[in-house]
Amino acid sequence: MKSLFPLRLFSLLGVGYFTLHILSIFKHMMWIYITYEILFVGYILAGSLSKPFLKQSALLHIGLTFLYIYELFIVRRLPFFNSLSALVLYPAIHYLIGLGVVSLRKSFSMK
């Protein structure tokens, strides 16, 4: 577990981002959304060149996806074809953004 979540800045930003993201599912406040987006950007920039970042990011975003599925479809009984069901894709989109930043930073660092 220490290799997946080393005590570094990007891990602390990732845990803060994950915590606020979970809170945003249950409490809808603008400051929470803005704060977790800022933490997400810091998380990507701080961790995009470290090795455990992609595994850690995948684990956090898979956890968020399952929480979204549980909250939207089981607790709130939202129909699958409702427009709000697209929120389930939100963590996957964040993961793909992080993956893109990692790819860009690696390609520029190799030159």
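Residues numbered from 1 in each chain as written. Predicted model: local features only at pLDDT ≥ 70, side-chain atom pairs only at ≥ 80, totals over all residues. Heavy atoms only, no water.

(A) Broad picture of the layout of surface pockets. The calculated volume of the largest pocket comes to roughly 160 Å³. Listing elements by their share of the lining of the largest pocket, those giving two or more residues are helix 1 (9-26), helix 2 (30-47) and helix 3 (53-75). At three residues, the largest contribution of residues to the lining of the largest pocket is made by helix 3. (1 Å grid on protein atoms, 1.4 Å probe; cavity = no way out; pocket = protein on both sides within 12 Å on 5 of 7 lines; lining within 4 Å. Points joined across faces, edges and corners; volume = space filled by probe spheres on them. Helix = DSSP H or I, 4+ residues; strand = E, 2+ residues; numbered from the N terminus.)

(B) Just unusual backbone geometry, in detail. One non-glycine residue, Arg 77, lies in positive phi territory at about 50°. Residue position: Arg 77 is located in the loop between helix 3 and helix 4 (90-110). Given a relative accessible area of 68%, Arg 77 falls into the exposed group. (Buried < 20%, exposed > 50% of the residue type's maximum accessible area, 1.4 Å probe, protein only.)

(C) Main features of the nonpolar core. Tyr 17, Leu 20, Tyr 36, Leu 39, Tyr 43 and Phe 53 are the most contacted members of the largest nonpolar core, which has 14 residues in total. For this core, the secondary-structure elements that each account for two or more residues are helix 1, helix 2 and helix 3. Counting residues per element, this core draws most heavily on helix 2, at six residues. When sequence neighbours within four positions are dropped, the list of residues in contact with Tyr 17 reads Tyr 36, Leu 39, Phe 40, His 61, Leu 64 and His 94. If you look at the next biggest cluster of nonpolar residues, it comprises five residues, including Ile 25, Tyr 68, Leu 72 and Leu 78. (Core = buried A, V, L, I, M, F, W, Y, C linked by side-chain atoms within 4.5 Å. Contact = heavy atoms within 4.5 Å.)

(D) Layout of the confidence of the model for the protein. Summing up the model confidence of the protein, the mean pLDDT is 86 and the portion of residues at 70 or higher is 97%. Per-residue pLDDT, averaged within each element of the protein, yields its smallest value for helix 4 (86) and its largest for helix 3 (89). (pLDDT = per-residue confidence, 0-100.)

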